[in-house]
Amino acid sequence: MENNISVIKVRNLLLVTMPPDPDDPTVSALQAKVLDAMERHQAAGVLLDISQVETLDSFFARTVSETAQMVTLMGGRTIIAGMRPAVAITATQIGLTLGNIETALTVDRALDMTTQGPKSIRQR
Amino acid sequence: MEKSLVIAPAVLQIFPKLNRSTYDSLDFATLSSMKKPSPSTSAKSVSTEKDGVTSIDMLRVLVDSIKDYAIITLDPAGRVLSWNPAAERLKVWKAEEIIGQHFSRFYPKEDIEKGKTDMELKAAERDGRFEDEGWRVRKDGTRFWANVIITPLRDPTGKLLGFGKVTRDMTEQRQLSERIKKQTQEILEMATVPVVPVWEGILLVPLIGTLDSQRTQHLMERLLQRITETNSPVAVLDITGVPTIDTQTAQHIIETISSVRLLGAEVILTGVRPIIAQTLVHLGIDLSNVVTRSSLASGLRTALSLMDLAVTPKAVATNSDTQWKTTSQS
């Protein structure tokens with residue numbers, strides 16, 4: 001199952017794609033794989049593509065949130081891309097948050113964000 | 001042959017010279033005897049031949065002329081005894097093809113398997129009448145939506161002679177009422193939660209009227225759906241038309257905004273009027289995480305700046321236009 005996560009280095013970024021229904025071992029493997037690749041490639045950030053993911057549980061949410069913090073500590077930036085509407089609604093309803101991680105509608109838009117730098121109207 | 005039918009004399013006057021038609025399959029005398037007319041009604045009824053026209057002829061003409069109702073009779077076992085032209089038109093079967101056959105020929109397979117035909121006859125016999133609306137089948141296998149009334153026909157002693165079955169094609173009415181239902185639903189949905197793209201990448205949700213839980217739930221689903229469909233990174237939620245906001249509504253709005261952020265889009269809450277601002281603060285609702293603006297106009301400006309766009313006066317735009325032209329020529 002752990003092999004279902006694909007971590008691809010694109011320029012100075014890591015493009016991480018999650019399988020449709022990640023189980024706990026897969027989620028656990030995510031952290032190790034991402035951090036390992038961060039060190040190996042000296043990447044500037046992580047794009048986590050979850051557009052295929054149909055279910056999001058608290059363990060996944062926490063792992064993603066923690067991994068993002070770790071990536072930040074390693075000097076990188078994490079953007080989550082492509083969450084499905086149904087997943088977002090469920091996540092909000094059961095009170096799951098992804099902390100302050102940046103989100104993007106698609107991987108394409110996430111790539112735009114990495115070239116433009118962080119942007120938030122909340123800071124304006 | 002005894003003829004004691006109750007027919008309005010006026011009808012006879014309209015058709016004074018009718019010849020007796022030949023309907024051998026149906027014994028109208030027997031049918032008529034079931035009426036059991038009381039002395040007062042039999043006085044008014046036409047019971048004898050008048051100018052060579054009988055009331056039975058009239059009834060036959062009536063049954064033959066009626067276009068909207070398939071009027072047929074069945075024997076006690078449910079086999080077809082008589083058939084009228086309207087029945088032929090509706091069900092396609094010709095009289096000679098169908099007479100003698102069981103009336104389950106008009107029913108869909110699943111109804112026959114459920115024993116619906118027997119149930120209908122039993123119900124009619126027991127209650128004196130059976131009415132039903134449902135799918136029926138034509139000779140060619142196509143279906144139509146029918147209103148069916150089955151009436152038991154009895155002789156004066158109460159012995160069951162058979163059944164009268166009147167069928168009307170209601171397909172059009174059904175389609176019409178379903179279309180109306182669908183349209184009403186669509187209008188209702190549009191009115192409750194309109195999600196309008198106002199610019200490439202900017203969706204506007206003008207909310208009018210009180211927001212209840214069901215509506216905000218609907219709003220959340222529709223907005224998220226539209227955001228992904230149109231790939232819009234900004235949504236402007238305008239609450240100018242919302243009269244009051246309570247804790248629950250505010251909570252729903254905050255939830256909607258959180259969900260939208262998980263998708264990777266941003267929400268700007270506009271139309272926060274003084275009274276709404278007061279209420280929100282007094283209720284202790286924290287919207288510090290949410291971008292709020294008092295007017296839709298300033299909200300749109302914020303949305304545009306989020307997209308790195310700006311609205312400039314036309315003169316400036318023309319200048320840059322000419323500049324572009326000169327540079328492209330050089």
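Residues numbered from 1 in each chain as written. Chains lettered and ligands numbered in written order. Predicted model: local features only at pLDDT ≥ 70, side-chain atom pairs only at ≥ 80, totals over all residues.

1. Thoughts on the overall build of chain B
If you tally the helices and strands in chain B, you get 14 helices and 10 strands. Looking at chain B as a whole, 29% of its 330 residues are labelled buried. Here the analysis covers contacts within chain B between residues at least 6 apart in sequence; of these, 66% occur between residues at least 24 apart. (Helix = DSSP H or I, 4+ residues; strand = E, 2+ residues; numbered from the N terminus. Buried ≥ 20, exposed ≤ 12 C-beta atoms within 10 Å, placed from the backbone. Contact = placed C-beta atoms within 7 Å.)

2. Section: the overall build of chain A
A count of helical and extended segments in chain A gives 4 helices and 5 strands. Beginning at the N terminus, the succession of helices and strands in chain A can be written as β-β-α-β-α-β-α-β-α. The buried share of chain A, reckoned over its 124 residues, is 36%. Long-range contacts, defined here as pairs at least 24 residues apart, represent 77% of the contacts in chain A between residues at least 6 apart.

3. Observations regarding the nonpolar core
All names here are of chain B. Counting 67 residues, the largest nonpolar core has Ala235 and Val236 as the members making the most contacts within it. Not counting residues within four places of it along the chain, the set of residues in contact with Val236 comprises Ile202, Leu204, Val205, Ile268, Thr270, Gly299, Leu300 and Ala303. One finds Ala87, Tyr107, Ala124 and Ile150 within the second-largest nonpolar core, a separate group that totals 26 residues. (Core = buried A, V, L, I, M, F, W, Y, C linked by C-beta atoms within 7 Å.)

4. Quick word on the environment of Gln251(B)
All names here are of chain B. Of note, Gln251 is situated in helix H11 (residues 247-263). Residue Gln251 is classed as partly exposed on the basis of its C-beta count, with 13 C-beta atoms lying within 10 Å. The spacing of Gln251 and Asp286 is 35 residues in sequence and 9.6 Å in space, taken between C-alpha atoms.

5. Examining the interface of chain A and chain B
Reports often express the size of an interface as the amount of accessible area lost when the parts come together. Every contact between the two is made by 15 residues of chain A and, on the other side, 21 residues of chain B. Listed by contribution, the elements that provide at least two residues to the side of chain A that touches chain B are helix H3 (85-93) and strand E5 (102-104) of chain A. Broken down by element, the side of chain A that touches chain B gets its largest block of residues, 5 residues, from H3(A). In terms of residue class, the side of chain A that touches chain B is built from 10 nonpolar, 3 polar and 2 charged. (Nonpolar A, V, L, I, M, F, W, Y, C, P; charged D, E, K, R; others polar.)

6. Examining the packing of helix H1 (residues 24-41) of chain A against helix H2 (residues 58-73) of chain A
Residue and element names in this part refer to chain A. Direction vectors running N to C along H1 and H2 enclose 10 degrees, while the axes themselves pass 10 Å from each other. Compared by their axis directions, H1 and H2 come out roughly parallel. Across the interface between the two elements, Asp24, Val27, Leu30, Gln31, Val34, Leu35 and Met38 from H1 touch Phe59, Phe60, Thr63, Thr67, Met70 and Val71 from H2. Taken together, the residues of the contact of H1 with H2 break down into 9 nonpolar, 3 polar and 1 charged. (Axes fitted to C-alpha atoms, helices over the stretch in contact; angles between N-to-C directions. Parallel < 35°, antiparallel > 145°, perpendicular 65-115°, else oblique.)

7. Here's the deal with the confidence of the model for chain B
All names here are of chain B. Mean pLDDT for chain B: 79, with 79% of residues reaching 70 or above. Considering only residues more than four positions removed or in separate chains, one finds that residues 1-47, a stretch of pLDDT under 50, has 75 contacts. ipTM for the predicted complex: 0.78, alongside a pTM of 0.53. (pLDDT = per-residue confidence, 0-100.)

8. Re the packing of H3(A) against helix H10 (residues 213-230) of chain B
Put simply, H3(A) and H10(B) touch, their axes get as near as 9 Å, and they point 140 degrees apart. Between H3(A) and H10(B), the crossing angle belongs to the class labelled oblique. Remark: the crossing between H3(A) and H10(B) carries right-handed chirality. Residues Pro85(A), Ala88(A) and Ile89(A) of H3(A) lie in contact with H10(B), whose contacting residues are Met220(B), Glu221(B), Leu224(B), Gln225(B) and Thr228(B). (Left-handed = near helix turned anticlockwise from the far one by under 90°.)

9. Brief notes about H3(A)
Of the residues making up H3(A), those classed as buried are Pro85(A), Val87(A), Ala88(A), Ile89(A), Ala91(A) and Thr92(A). Those residues of H3(A) hidden inside the fold are in contact with H2 of chain A together with H10 and H11 of chain B. Looking one or two places after H3(A), you find Gly95(A), whose phi comes out positive at around 80 degrees.

10. Overview of the environment of Val290(B)
All names here are of chain B. Among the secondary structure elements, Val290 is positioned in the loop between helix H12 (274-282) and strand E10 (291-292). By C-beta crowding, Val290 is classed as partly exposed, having 19 other C-beta atoms within 10 Å. If near-sequence neighbours (up to four positions away) are discounted, Val290 is found in contact with Ile257, Val267 and Leu269.

11. Brief notes about the sheet that holds E5(A)
All names here are of chain A. Spatially, 5 strands are ordered E1-E2-E3-E4-E5 in an open sheet, and the strand pairing comes out mixed. Single-partner strands in this sheet number two, and they are strand E1 (6-10) and E5. Strand-to-strand, the axes of this sheet are offset by a mean angle of 25 degrees, without reference to chain direction. Examined bridge by bridge, strand E4 (residues 77-81) and E5 share 3 bridges and lie parallel to one another. Bridging from a neighbouring strand, Ile80 pairs with Thr103 of E5. (Pairing = 2+ DSSP bridges.)

12. Regarding the sheet that holds strand E4 (residues 143-154) of chain B
All names here are of chain B. The sheet built from 5 strands is open, its strands ordered E2-E1-E5-E4-E3 with antiparallel pairing. Every other strand in the sheet has two partners, leaving strand E2 (80-82) and strand E3 (130-137) as the edge strands with one partner each. In this sheet, adjacent strand axes meet at a mean angle of 35 degrees when their direction is disregarded. Pairing of strand E1 (residues 69-74) with strand E5 (residues 160-169), which is carried by 6 bridges, proceeds in the antiparallel orientation.

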